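Given next are the chains, with one letter for each unit.
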Amino acid sequence: MKVIHVIQKNKNQAEEPMQEDAPLDAQLGTEMEELKRDMRSAKITNWFEKNQQQLIVGAVVLLLAMAGVGLWSEKQKTYKESAAMMYFQALAVVDDTQREALLEAVVKDYAATGYGILAHIRLAPLVDTEKNLRAVIENADATPEFRWQAGLDLAEFFITQGKVDESKTLLQEPVGEQYQQLRYSLLAEVSTGEAQKEYLQKALDAISNDAVLKADIETKLAKAGS
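Here's the deal with the overall build of the protein
The secondary structure content of the protein amounts to 9 helices and 0 strands. Listed N to C, the secondary structure of the protein is α-α-α-α-α-α-α-α-α in terms of helices and strands. Looking at the protein residue by residue over its 226 residues, the buried ones come to 23%. Here the analysis covers contacts within the protein between residues at least 6 apart in sequence; of these, 45% occur between residues at least 24 apart.

Listed below in C-alpha cells is the structure:
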C-alpha cells in the first residue's frame, strides 16, 4: 500500500500556506479507490481460496451430470431401437404363436415405449382381449385416438360376449368426431325400437371412414324403418 509522507516543517520556520492541498486531496482520493479495489480483490481471492474445493467438486458434478445425460440419451435411443426391431419382427412372422410371443416380449421389456402400446393393440385379437385393450385404455401415455379405438373395440368385444351392460358403460365415454360413427353404430346394437333408429341415423350422419360400416348402417336403418 502506498504511504503518504507528511513532512513536518521546522517550528521556527514561518508556516506558509500549503499550495499542494488540492493535489494531496486528489492523491488521497486515488489512494482510497486503489485501497478499495485491493480490498475487493483480496476478498474475492480469499473467497475463491476458501471455496476452491467446493468449486472443484461443483465443476466435477456438472461434468458428470452432462456425461450422464449424454449416456442416458444414447441408452434411450438404443432402447427404442430395440423395441422397434422386436415389434416389426413380430409383424413380419406369419405364425400367430410366434407373433404372440414376440409381442408379449415387447410388452414385458419395452412397456415404457410407444411400441408397448402398439403391442397391446396387436395382441388383443390374439389373446386376452379385455386385458390388452384395458391396458391401452388405462395407459396415460397412450394418445386419445388409441384410447378411443381401444374402448370401442372392447365395447364391441363385450357385445359378442353378451355383456351388454359393460358395453353400454364403455360407449358412454366421449370420443373424437372420427370415431363417432362406430360409437353410434355400437350403441344401436345394444338398443331397441326408436332409440336404435336414432343411433343408426346419428351413425349415418357422422363422419365416415369405413365404407363397409356405412353400408351396413344404411342396411340396418332401412330395415328398422320398414
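Quick look at the layout of surface pockets
Taken as a whole, the second largest pocket holds about 170 Å³ of empty space. In this structure, the second largest pocket is lined by Ile137, Arg147, Trp148, Gly151, Leu152, Leu170, Glu173, Pro174 and Val175. The biggest single contributor to the lining of the second largest pocket is helix α5 (residues 144-160), with 4 residues. Class assignment for the residues of the lining of the second largest pocket results in 6 nonpolar, 1 polar and 2 charged.

Things to note about the pattern of salt bridges
Close approach of charged atoms lets side chains of opposite charge pair. The full count for this structure, using the stated rule, is 5 salt bridges. Two residues, Glu189 and Lys220, come together in a salt bridge whose shortest N-O distance is 3.9 Å. In this pair, Glu189 is assigned in helix α7 (residues 180-189) and Lys220 in helix α9 (residues 211-225), connecting sequence segments 31 residues apart. Its relative accessible area of 41% is what places Glu189 among the partly exposed residues.

Some thoughts on the nonpolar core
It is characteristic of soluble globular proteins that their nonpolar side chains tend to be buried jointly. Judged by nonpolar contacts, the single largest core of 25 residues is most densely connected at Leu152, Leu171 and Leu186. Breaking this core down by element, the ones donating at least two residues are α4 (129-137), α5, α6 (164-171), α7, α8 (193-205) and α9. Here Leu171 is in contact with Leu152, Ala155, Arg183, Leu186, Leu187 and Val190, once residues within four sequence places are set aside. Of all hydrophobic cores here, the second largest spans 11 residues; its members include Val93, Leu102, Tyr110 and Leu123.

Description of α9
Here α9 spans 21 Å end to end across 15 residues, near enough to the 21 Å set by a 1.5 Å rise per residue. Capping of α9 at its N-terminal end is provided by Asp210; its side-chain oxygen lies 3.0 Å from the backbone amide nitrogen of Val212.

Comments concerning unusual backbone geometry
The phi torsion at Asp128 lies on the positive side, around 45°, for a residue other than glycine. Mapping Asp128 onto the fold places it in the loop between α3 (114-123) and α4. Since its relative accessible area comes to 42%, Asp128 is described here as partly exposed.

A word on the side chain of Ser191
Topologically, Ser191 is positioned in the loop between α7 and α8. Here the side chain of Ser191 touches Leu187 through a polar contact of 2.6 Å, landing on its backbone oxygen. Once residues within four sequence positions are removed from consideration, Ser191 is found in contact with Gln196 and Tyr199.

Let's talk about the packing of α5 against α7
Here α5 crosses α7 at 20°, and the two axes come no closer than 11 Å. Here α5 is positioned roughly parallel relative to α7, judged by the angle of their axes. You can see that α5 and α7 cross each other, and the crossing is left-handed. In contact with Gln149, Leu152, Ala155, Glu156 and Ile159 of α5, α7 contributes Leu182, Arg183, Leu186 and Glu189.

Notes on the confidence of the model for the protein
Averaged over the protein, the pLDDT score is 78; the fraction of residues at 70 or greater is 65%. A low-confidence stretch, residues 1-22 (pLDDT under 50), is modelled with 6 contacts involving residues beyond four sequence positions or located in other chains.

A closer look at the packing of α4 against α5
Packed helices, taken two at a time, are described by the angle between their axes plus the distance between the axes. Running from amino to carboxyl end, α4 crosses α5 at an angle of 155°, the nearest separation of the two axes being 8 Å. Put simply, α4 runs roughly antiparallel to α5. In terms of crossing hand, the pair formed by α4 and α5 is left-handed. Facing Thr129, Glu130, Leu133, Arg134, Val136 and Ile137 of α4, the residues of α5 in contact are Phe146, Arg147, Ala150, Gly151, Asp153, Leu154, Phe157 and Phe158. Its residues assigned to classes, the contact of α4 with α5 shows 8 nonpolar, 2 polar and 4 charged.

Definitions and cut-offs
- Residues numbered from 1 in each chain as written.
- Predicted model: local features only at pLDDT ≥ 70, side-chain atom pairs only at ≥ 80, totals over all residues.
- Heavy atoms only, no water.
- Helix = DSSP H or I, 4+ residues; strand = E, 2+ residues; numbered from the N terminus.
- Buried < 20%, exposed > 50% of the residue type's maximum accessible area, 1.4 Å probe, protein only.
- Contact = heavy atoms within 4.5 Å.
- 1 Å grid on protein atoms, 1.4 Å probe; cavity = no way out; pocket = protein on both sides within 12 Å on 5 of 7 lines; lining within 4 Å.
- Points joined across faces, edges and corners; volume = space filled by probe spheres on them.
- Nonpolar A, V, L, I, M, F, W, Y, C, P; charged D, E, K, R; others polar.
- Salt bridge = Lys/Arg side-chain N within 4 Å of Asp/Glu carboxyl O.
- Core = buried A, V, L, I, M, F, W, Y, C linked by side-chain atoms within 4.5 Å.
- Expected span 1.5 Å × (residues − 1).
- Polar contact = N/O pair within 3.5 Å; in protein donor to acceptor, adjacent residues only side chain to side chain.
- Axes fitted to C-alpha atoms, helices over the stretch in contact; angles between N-to-C directions.
- Parallel < 35°, antiparallel > 145°, perpendicular 65-115°, else oblique.
- Left-handed = near helix turned anticlockwise from the far one by under 90°.
- pLDDT = per-residue confidence, 0-100.

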